[in-house]
Amino acid sequence: MNDRIVIDPSIRHGKPVIRGTRVPVHRVIGSLAGGSEPHEVCEEYAISDADLRAALAYAEELIEHEEAHPLPHTW
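Okay, the overall build of the chain next. Of regular secondary structure, the chain possesses three helices and two strands. In sequence order, the chain lays out its α and β elements as β-β-α-α-α. Computed over its C-alpha atoms, the radius of gyration of the chain comes to 15 Å, more than 25% above the 11 Å expected for a compact globule of 75 residues. Its C-alpha atoms give the chain principal-axis dimensions of roughly 50 × 30 × 20 Å. Distance from the positive charge centre (7 side chains) to the negative charge centre (13 side chains) of the chain: 9 Å.

Right, let's get into helix α1 (residues 25-33). Listed as buried for α1 are Val-25, Val-28 and Ser-31. Viewed along the axis of α1, the buried residues span an arc of 135°, placing them on a single side of the element. In this fold, the buried residues of α1 make contact with β1 (5-6), β2 (17-18), α2 (38-45) and α3 (49-64).

In this section: the side chain of Asp-51. Examined against the element boundaries, Asp-51 turns out to sit in helix α3. Residue classification places Asp-51 among the buried residues on the basis of a relative accessible area of 11%. Setting aside anything within four residues of it in sequence, one finds Asp-51 in contact with Arg-4 and Ile-18.

This paragraph deals with the packing of α1 against α2. One can describe the packing of α1 onto α2 by two numbers: an axis separation of 9 Å at closest approach and a directional angle of 140°. Our classification of the angle between α1 and α2 gives oblique. For α1 against α2, the interelement crossing comes out right-handed. Residues Arg-27, Val-28, Ser-31 and Leu-32 of α1 form the contact with α2, whose participating residues are Pro-38, Val-41 and Tyr-45. Grouping the amino acids of the contact of α1 with α2 by side-chain chemistry returns five nonpolar, one polar and one charged.

Now for α2. Along α2, the residues that are buried comprise Val-41, Cys-42 and Tyr-45. End-on, the buried residues of α2 take up no more than an arc of 100°, which puts them together on one face. When the buried face of α2 is taken as reference, the exposed residues oriented beyond 90 degrees from it are Glu-43 and Glu-44. On the buried face of α2, the contacting elements are α1 and α3.

About the cut-offs
- Residues numbered from 1 in each chain as written.
- Predicted model: local features only at pLDDT ≥ 70, side-chain atom pairs only at ≥ 80, totals over all residues.
- Heavy atoms only, no water.
- Helix = DSSP H or I, 4+ residues; strand = E, 2+ residues; numbered from the N terminus.
- Rg over C-alpha atoms; globule rule 2.2 N^0.38 Å.
- Lys, Arg positive; Asp, Glu negative; His and termini not counted.
- Charge placed at Lys NZ, Arg CZ, Asp CG, Glu CD.
- Buried < 20%, exposed > 50% of the residue type's maximum accessible area, 1.4 Å probe, protein only.
- Arc of directions from axis to C-beta.
- Contact = heavy atoms within 4.5 Å.
- Axes fitted to C-alpha atoms, helices over the stretch in contact; angles between N-to-C directions.
- Parallel < 35°, antiparallel > 145°, perpendicular 65-115°, else oblique.
- Left-handed = near helix turned anticlockwise from the far one by under 90°.
- Nonpolar A, V, L, I, M, F, W, Y, C, P; charged D, E, K, R; others polar.

Shown next as structure tokens:
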């Protein structure tokens, strides 16, 4: 999807990670969702701002292509 995110079965069981690290994308997104500031996330996981933006773009891409299949109301 982008050059900063890697999916490799030998790293974190194929979970998407920041290239050159073992930092999972979900950890970056979760930290931001939990209230951490972007600069704090970058410092904590030793990633660049560009890596952080790539993780956000990766998540956005997944959400954008997600399909919803609502169930019909049964009442």
